[in-house]
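Read off the chains here:
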Amino acid sequence: MNEHKITVKTFSTFGNLIKDLPSPIDSVCDPNNDKIAYLDDYLRTIRCQTVVIEDCYVDKNFLEDYARYYSRCFQEYPKKCVRVHFFAAKFGIRRLKNYLNRPLHSNEGLFYDGSYLGFIVFRPLPNAPLAKVCLTTYRDEIGKHRHFPVLKDYFVHFLGSELSVKSLAFQEQDRALSACATSALWSAFHGSSGLDVNTVSAPSRITENAKKIIPQATSNHPHRGLTPAQMSNSIREEGLEPLLCNFINTSYLKALLRAYLSVGVAPVLGMTLYYGDEQGVLANGIPRTIPIGDHAVAVAGYNMSENQPKEFKADDIGTNIPVILRQPMYLLSSSIDKLYVHDDEVGPFVKMEFGDEYWQHLKTRWHMYRKNRDEINATVRDILLPKPHKIRISFNTIFSIIREFNSLYMGGWYDDGGRVVWDIYLTTVNDFKQEIRSYDTNYFLQPKHKMSLLSLSLPRYIWRVDGYMLEKSDQKMTKKSFTYIFDATEIENSDLFVCAVHYDLFSRIDIFLSVLNPLLTPQLNTVSKFSQSYRIAEEYFDLKSNRILY
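Residues numbered from 1 in each chain as written. Predicted model: local features only at pLDDT ≥ 70, side-chain atom pairs only at ≥ 80, totals over all residues. Heavy atoms only, no water.

Undergrad: What exactly am I supposed to notice about the packing of aromatic side chains here?
TA: Think of a pair of aromatic rings as described by two things: how far the centres are apart, and how the planes are tilted against each other in angle. All told, the structure shown has 26 aromatic pairs when counted by the stated rule. For the pair Phe148 and Tyr340, a centre-to-centre distance of 5.3 Å together with 45 degrees between the ring planes defines the contact as tilted. Here Tyr340 lies in strand β13 (residues 336-343) and Phe148 lies in the loop between β6 (146-147) and β7 (152-158), a separation of 192 residues in the sequence. By the burial criterion, Phe148 is buried, and Tyr340 matches it. Between the aromatic rings of Phe405 and Tyr484, the centroid separation amounts to 5.9 Å while the plane-to-plane angle is 85 degrees, which identifies the pairing as edge-to-face. Highlighted residues: Phe405 in helix α10 (residues 395-409) and Tyr484 in strand β19 (residues 482-487), separated in sequence by 79 residues. You can call Phe405 buried: its relative accessible area is 0%. Its relative accessible area of 0% is what places Tyr484 among the buried residues. Pairwise contacts between aromatic rings join Phe405, Tyr409, Trp422, Phe482, Tyr484, Phe486 and Phe497 into one cluster. In this arrangement the basic side chain of Lys254 is found over the ring face of Phe354, its NZ or CZ atom lying 4.8 Å from the centre. (Phe/Tyr/Trp six-rings, centres within 6.5 Å; stacked < 30°, edge-to-face > 60°. Helix = DSSP H or I, 4+ residues; strand = E, 2+ residues; numbered from the N terminus. Buried < 20%, exposed > 50% of the residue type's maximum accessible area, 1.4 Å probe, protein only. Lys NZ or Arg CZ within 6 Å of the ring centre and 35° of its normal.)

Undergrad: I'm lost on the sheet that holds strand β4 (residues 116-122) in this one. Help?
TA: Paired through backbone hydrogen bonds, the strands of a sheet run either parallel or antiparallel to each other. With antiparallel pairing, the five strands of this open sheet are ordered in space as β1-β2-β3-β4-β5. Looking at the sheet topology across the chains shown, the edges are occupied by β1 (6-10) and β5 (130-135). Going across the sheet, the axis of each strand differs from the next one's by a mean of 15 degrees, ignoring polarity. When strand β3 (residues 81-87) meets β4, the two strands line up antiparallel, connected through six bridges. Residue pairing in the sheet places Phe87 in a bridge with Tyr116 of β4. (Pairing = 2+ DSSP bridges. Axes fitted to C-alpha atoms, helices over the stretch in contact; angles between N-to-C directions.)

Undergrad: Could you clarify how one ought to interpret a nonpolar patch on the surface in this entry?
TA: Taken together, the side chains of Leu505, Ile509, Leu513, Leu516, Leu520 and Phe541 make up a nonpolar region of the molecular surface, amounting to roughly 540 Å² of accessible area. Within the secondary structure, Leu516 is located in helix α14 (residues 505-519). Residue class for Leu516 comes out partly exposed when judged on its relative accessible area of 30%. (Patch = residues over 30% accessible without salt bridge, like charges linked within 9 Å, V, L, I, M, F, W, Y side chains within 5 Å. Areas by Shrake-Rupley, 256 points an atom, 1.4 Å probe, with all protein chains shown as cover. Salt bridge = Lys/Arg side-chain N within 4 Å of Asp/Glu carboxyl O.)

Undergrad: Please explain the side chain of Gln173 as it appears in this structure.
TA: In this fold, Gln173 is placed in the loop between β8 (161-167) and α6 (180-191). Classification of Gln173 by relative accessible area gives buried; the value is 8%. Here the side chain of Gln173 touches Asp344 through a polar contact of 3.0 Å, side chain to side chain. (Polar contact = N/O pair within 3.5 Å; in protein donor to acceptor, adjacent residues only side chain to side chain.)

Undergrad: Got a minute to help me understand the pattern of salt bridges in this structure?
TA: Opposite charge on two side chains lets them pair, provided their charged atoms get close. For the structure on display, the rule yields 20 salt bridges. When the shortest N-O distance is used, the salt bridge between Glu208 and Arg68 registers 2.9 Å. Linking Glu208 in helix α7 (residues 203-211) with Arg68 in helix α4 (residues 60-68), this pair joins segments that are 140 residues apart in sequence. A cluster of three or more residues bridged by salt bridges with shared partners is formed by Glu64, Arg68, Arg205 and Glu208.

Undergrad: Sorry, what's going on with the sheet that holds β19 here?
TA: Strand order in the open sheet made by the six strands is β12-β17-β18-β19-β20-β21, with mixed pairing throughout. Strands at the two margins of the open sheet, each flanked by one partner only, are β12 (330-331) and β21 (548-549). As paired elements, strand β20 (residues 497-502) and β21 share two bridges and run parallel to each other. Note on β21: the bridge partner recorded for Ala500 is Ile548. Lying over the sheet, helix α12 (residues 429-438) contacts β17 (419-428), β18 (461-470) and β19, oriented at roughly 125 degrees with respect to β17. (Contact = heavy atoms within 4.5 Å.)

Undergrad: Just checking my understanding: could you explain the nonpolar core for this structure?
TA: Most often, soluble globular proteins keep nonpolar side chains buried together rather than apart. Counting 164 residues, the largest nonpolar core has Phe86, Trp422, Trp463, Tyr484 and Phe486 as the members making the most contacts within it. Grouped together as the second largest cluster of nonpolar side chains are 15 residues, Ile436, Tyr439, Tyr503 and Leu549 included. (Core = buried A, V, L, I, M, F, W, Y, C linked by side-chain atoms within 4.5 Å.)

Undergrad: What is the right way to read the packing of α4 against α7 from this model?
TA: Helix packing for two helices is described by the angle between their axes and how far apart those axes are. Taken N-terminus to C-terminus, the directions of α4 and α7 make an angle of 55 degrees; their axes are 7 Å apart at the nearest point. Our classification of the angle between α4 and α7 gives oblique. For the pair formed by α4 and α7, the contact residues are Asn61, Glu64, Asp65 and Arg68 on the first element and Pro203, Ser204, Arg205 and Glu208 on the second. Of the residues assigned to the contact of α4 with α7, the class counts are one nonpolar, two polar and five charged. (Parallel < 35°, antiparallel > 145°, perpendicular 65-115°, else oblique. Nonpolar A, V, L, I, M, F, W, Y, C, P; charged D, E, K, R; others polar.)

Undergrad: Can you help me understand α14 in this one?
TA: Owing to its 3.6 residues per turn, the α-helix aligns residues three or four sequence positions apart on the same side. Taking 1.5 Å per residue, 15 residues should reach 21 Å; α14 reaches 21 Å between its end C-alpha atoms and fits that length. All buried positions along α14 are accounted for by Ser507, Arg508, Asp510, Ile511, Ser514, Val515, Pro518 and Leu519. Along the axis of α14, the buried positions cluster into a sector of 165 degrees, meaning they face one direction only. For α14, the exposed residues lying more than 90 degrees away from the buried face are Phe506, Leu513 and Asn517. Two or three places before Phe506, at the opening of α14, Asp504 has a side-chain oxygen 3.2 Å from that residue's backbone nitrogen. (Expected span 1.5 Å × (residues − 1). Arc of directions from axis to C-beta.)

Undergrad: Can you walk me through the environment of Phe497 in this structure?
TA: Within the secondary structure, Phe497 sits in strand β20. For Phe497, a relative accessible area of 2% corresponds to the buried category. Measuring from C-alpha to C-alpha, the distance between Phe497 and Val265 comes to 23 Å, with 232 residues separating the pair along the chain. Excluding residues that lie within four positions of it along the chain, Phe497 makes contacts with Tyr484, Ile485, Phe486, Gln532, Ile536, Glu539, Arg547 and Ile548.

Quick look at the structure:
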């Protein structure tokens, strides 16, 4: 009978941990690897104290990759992996054995004190040992600024106990079966609200699905990179619908990420890397102005700063609104100042920073873990969104409606020195109603509105637009003033507007007064009377309307 060998070690450095791993894992890990340095910092930050090494672990994904590819190589590769568990608690092998010798009591003991930080599965592949990394995210000690909407619960069965960690699985590319795009897709599928983490395809299958659309002529496996068309086909084969968006500007990128991450869609960013300092040439004579190469990462979350939202840069986005009528637009997403991405060249939850709302690049962390300290910038080219099929209405459609309503019917509010900050994002009917359920009836203008919203018949996916009416005096953000709900599952030409709910009387009056003048202006009326924004404005003057709750 084969037994797993369990080793308990005090965590000191990730490099020392690698030395303690059984053969052949210890020999395939490069101690100077960028990811080793990053994970060392990461585990220190999440306050790891103890590691438990589990030998002879069978990993489902690697076993499938092994059967498809590595078992046929001339060189013999082992098919067993090693799994390492990380804990914030400090204990040794004796304490672990004493704990296991006692009867199991739910939510008691060594494994149930909230100290489990996650695990790493090491595979026996040269210079690509990280098969699956599921670690808890950074603790947010300065407030609720970090948001990770696509995290999943990963359950681990270990020594008769069930452990769990909330994370998003990460894997490094092996350069044989997968490229950075494959690793990014694999993580994005794990984050999808429409997929179970246990059913996500192995990297070899993801790559194989990509080949069906545009095969690579030089290799059986496109390990040098995937095109957007190939990545889109992999998404379809996984049972999701790809939505490919071109990068327009930083404002648009932030808005897209905020909108889709909220409903469990983990975007994949296709980007081109450049040197931060483009002066001079490299040692090989290549000018530093030449791009370093293309790359892909999966977005796991973002950080919201406390800065006031900035004006949305909408000049690059087409509109039918006459220039003279356009009003400035402010989106809450402009407060995003950092992204947390799974970058297979560095590690999980790697920070990428925006310079500001209008700087068209992202600062990477590549230089922090390399001997070459050159800062590298990433310019986003494509935003690929693996979304559920039922989400048919895109962000662009809802954004156009709100932008038109903001310009045509909120002009009076802006003319008086006010400002509206919009927050546009996808959600589910269950999440929406759970939030409504958590509010006291005093939160609404009329107590009956809570019951009206809870009993409202809604589709599974809805677009939610929250409005914050900033005071004309101090321009400070307050609680939500109103919410607009749109059907995300309808067809483009239908009436998408479901209802509006106002949480205070002032927002209701302010919008009523702002809408009054434009609706009475015949010239403006002819411009917009067939639009969705016009239909919303009209609802404010229908005293019997059941779509405006105030």
